[in-house]
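Chain by chain, the residues run as shown.
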Amino acid sequence: MAEWAPILTPDRAALATAAARLREGQLVAFPTETVYGLGADATNDRAVAAIFAAKARPRFNPLIIHVADLDRATTLGEFFAPALCLAEKFWPGPLTLVVPRRPEAPISHLATAGLATVALRVPAHPVALDLLRAFDGPIAAPSANPSGRLSPTEAEHVQEGLGDKVALILDGGPCRHGLESTIVGFGEGGPVLLRPGAITREALEAALGRPLAAKSLAQKPESPGQLASHYAPKARLRLNAHEARPGEMLLAFGPGAPKDVPGLNLSPEGDLVEAAANLFAYLHILDETGVASIAVMPIPETGLGEAINDRLRRAAAPRETGGNPTEVPETKPS
Ligand code: TXA
Ligand code: MG
């Protein structure tokens, strides 16, 4: 990867190169009408893991999946009447809709943080749309800033923050809004504002012809030890395990894993980016076997290990009895 990513004028050749880099699993920064995005092929677990590594996010927040149009969005998520109404009114534009993920959607489970929902957006910026068409697939993209820093609204900001982590930066000039997209979810109480942004509550309510639900109606309260909002497997997780006990499956890590034990190794080579890429997919696979307990080997607390351990600790925390975790994570800017 380039030491210092080039800032490219988004002509036809630059767009073709950017699309090729995405297909190779590299990161590409691109302008949207809100802020610059740090894009990766949303169907590629490794590429999505590279986003988290580049931003040094201490947690796996689910990412926004960018698509070229509503038709493509409906192949990835399920759109009921209110979601369709908002999509038709505000797309392309600075609105993200969190809808049920289609089971067959080829989106990385790391990108959706293992949730049953997916956050979709059709951006309005012509360069973002050109890139989506050239790539011809969904692009996962958080704001293109290191975690905890300001969101970038110019190509130079991206270069300052992440210039050594991306293959290239498409220059679309300064972003029109400079404020992230509005995020709307659809809970039991109806459409709910998950993150205020460039499209106002008033505009949404006018389009829907009804007030948005209060956030508390869509989110179960958090229970001690577990954020009700996060993906948790049905199986119990036993952390810092060095072997699987009888009846357990092993979620292993690294070359020192015991051999011939039922389970999966997140990264036989001990690579944390590979482990992050496999985390949700492997938890799903082991959970689907119906096993009662998954023994998880220790993961180093460095680099992406911090986010992996954060997620494992949440999944291992004692459960509220009877309740399935709701599928609405905390939504804050990052
Ligand atoms: O304007 C924007 O939205 C920019 C541009 C690049 O599109 N993107 C952006 O992404 O702000 P990011 O990753 O910084 O913020 C994504 C937000 C997070 O707060 C996350 O929790 C929420 O979207 N989100 C993603 N998937 C979700 C889901 N399934 N349920 C609830 N919230 C979700
Ligand atoms: Mg952000």
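Residues take numbers from 1 onward in each chain, read along the sequence in its written order. Written order determines the labels here, with chains lettered from A and ligands numbered from 1. The predicted nature of this model means local features are confined to residues of pLDDT at least 70 and side-chain atom pairs, given and counted, to a pLDDT of 80 or more, with totals for whole chains, interfaces and linings taken over all residues. Side-chain numbers here rest on the full set of heavy atoms in the structure, without hydrogens or water.

## A short note on the packing of helix α1 (residues 12-23) against helix α5 (residues 126-135)
Moving on, step 1. Structural elements are reduced to axes, namely lines fitted to C-alpha atoms, with helices fitted over the stretch in contact, and the angle between N-to-C directions of any two is expressed from 0 to 180 degrees. Helix and strand assignments follow DSSP, with helices taken as H or I runs no shorter than four residues and strands as E runs no shorter than two, numbered in order from the N terminus. For the pair α1 and α5, the least separation of the axes is 9 Å and the interaxial angle reads 55°. Between α1 and α5, the interaxial angle falls into the category oblique. By crossing handedness, the relation of α1 to α5 is classed as right-handed. Contact residues: α1 offers Leu15, Ala18, Ala19, Leu22 and Arg23, while α5 offers Val127, Asp130, Leu131, Ala134 and Phe135.
Moving on, step 2. Under the scheme applied here, ten amino acids are nonpolar (Ala, Val, Leu, Ile, Met, Phe, Trp, Tyr, Cys and Pro), four are charged (Asp, Glu, Lys and Arg), and all others, including Gly, are polar. For the contact of α1 with α5, the class distribution of residues is 8 nonpolar, no polar and 2 charged. By the definition adopted for this analysis, an angle is roughly parallel if under 35 degrees, roughly antiparallel if over 145, roughly perpendicular if from 65 to 115, and oblique otherwise. Crossings are assigned a handedness: left-handed for a near helix turned anticlockwise from the far helix by less than a right angle, right-handed for a clockwise turn. We call two residues in contact when some of their heavy atoms are within 4.5 Å.

## Some remarks on the site of ligand 1
Moving on, step 1. The criterion for a residue being near a molecule or strand is simple. One of its heavy atoms has to lie within 4 Å of it. Near ligand 1 lie 25 residues; those nearest to it are Thr34, His66, Thr117, Ser181 and Arg195.
Moving on, step 2. Polar contacts, as counted here, are pairs of nitrogen or oxygen atoms within 3.5 Å of one another; within protein the pair requires one atom able to donate a hydrogen and one able to accept it, and residues that are adjacent in sequence qualify only if both atoms are side-chain atoms. The separation between an oxygen atom of ligand 1 and a polar side-chain atom of threonine 34 is 2.6 Å.
Moving on, step 3. Arginine 121 is positioned such that a nitrogen or oxygen atom in its side chain is 3.1 Å from an oxygen atom of ligand 1.
Moving on, step 4. Contact with the protein chains covers 100% of the free accessible surface of ligand 1, which is 680 Å².
Moving on, step 5. Looking at the shell around ligand 1, the elements with two or more residues in it are β4 (64-66) and β6 (117-121).
Moving on, step 6. Among the elements that take part in the shell around ligand 1, β6 stands out by supplying 3 residues, more than any other.
Moving on, step 7. Residues belonging to the shell around ligand 1 are distributed by class as follows: 11 nonpolar, 8 polar and 6 charged. Surface exposure here means Shrake-Rupley accessible area, sampled with a 1.4 Å probe, where a residue is shielded only by the protein chains that are shown.

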